[in-house]
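# An overview of the molecular structure
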Amino acid sequence: FKNEFSLMHVTRYVLAYFFSVFIIIISFLLYLLPTIVTEPLLIRLDKDQIKEKYQNSGLTIAMASALRLQLFNSMEEKVFLDPTLSLETLAKKLNTDRYSLSQVINQEFHKNFYEFINDYRINECLAYIDENPHQIDSITDIIYASGFNNKVSFYNAFKKRKNITPAQYIKALNQ
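These remarks concern the structure in this document. (Residues numbered from 1 in each chain as written. Predicted model: local features only at pLDDT ≥ 70, side-chain atom pairs only at ≥ 80, totals over all residues. Heavy atoms only, no water.)

In this section: a nonpolar patch on the surface. On the surface, Phe 19, Phe 22, Ile 23, Ile 25, Ile 26, Phe 28, Leu 29, Leu 30, Tyr 31, Leu 32, Leu 33 and Ile 36 cluster together into a nonpolar patch covering about 1,200 Å² of accessible area. The greatest single-element share of the nonpolar patch, amounting to 10 residues, is contributed by helix H1 (residues 7-32). Relative to the helices and strands, Ile 36 is located in helix H2 (residues 35-50). Ile 36 gets classed as partly exposed once you look at its relative accessible area, which sits at 46%. (Patch = residues over 30% accessible without salt bridge, like charges linked within 9 Å, V, L, I, M, F, W, Y side chains within 5 Å. Areas by Shrake-Rupley, 256 points an atom, 1.4 Å probe, with all protein chains shown as cover. Salt bridge = Lys/Arg side-chain N within 4 Å of Asp/Glu carboxyl O. Helix = DSSP H or I, 4+ residues; strand = E, 2+ residues; numbered from the N terminus. Buried < 20%, exposed > 50% of the residue type's maximum accessible area, 1.4 Å probe, protein only.)

As structure tokens, then:
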């Protein structure tokens, strides 16, 4: 301001001053009342969660019901015993796309594909063990017979569903 006193310089100085004061006031308010920001954010997040996951899906209720029935029929045919079974191959067997099949499994059973298949595999294993509790020579035979590819997947799935290991389960049946 010493050399030049112009309206442009005064205007810039006043605007910078008011902008600084505005930032300080907003910062102070947010420090005292953080819910000003967090509540509207939580409300917006809740509304986003309410939106249905598959709202843009072309799968109708009738199509989902028919696919669900096909899925049950294929499980009765024990397609889950195939260790190479994937969402893609099962969808091809059911003459549908993998997205529709995944949607039906998620919505109807509240599981993903592998949890759904592993439930059937573990139930198959349990049925075999329950029929022949004294004739179990090797758990490995049961693992591959029930459709699992490896011991780790089998043990994780078994323990998740029964809260004990297969050996403990067999031992409890034999007592």
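Along its 12 residues, helix H8 (residues 151-162) runs 16 Å from first to last C-alpha, staying within 8% of the 16 Å computed at 1.5 Å per residue. The inward-facing, buried residues of H8 abut helix H6 (113-131), helix H7 (139-145) and helix H9 (166-174). The N-cap of H8, judged by a side-chain oxygen 3.2 Å from the amide nitrogen of Val 152 a few residues on, is Asn 150. (Expected span 1.5 Å × (residues − 1). Contact = heavy atoms within 4.5 Å. Polar contact = N/O pair within 3.5 Å; in protein donor to acceptor, adjacent residues only side chain to side chain.)

The values reported here are purely geometric and, on their own, carry no functional implication.
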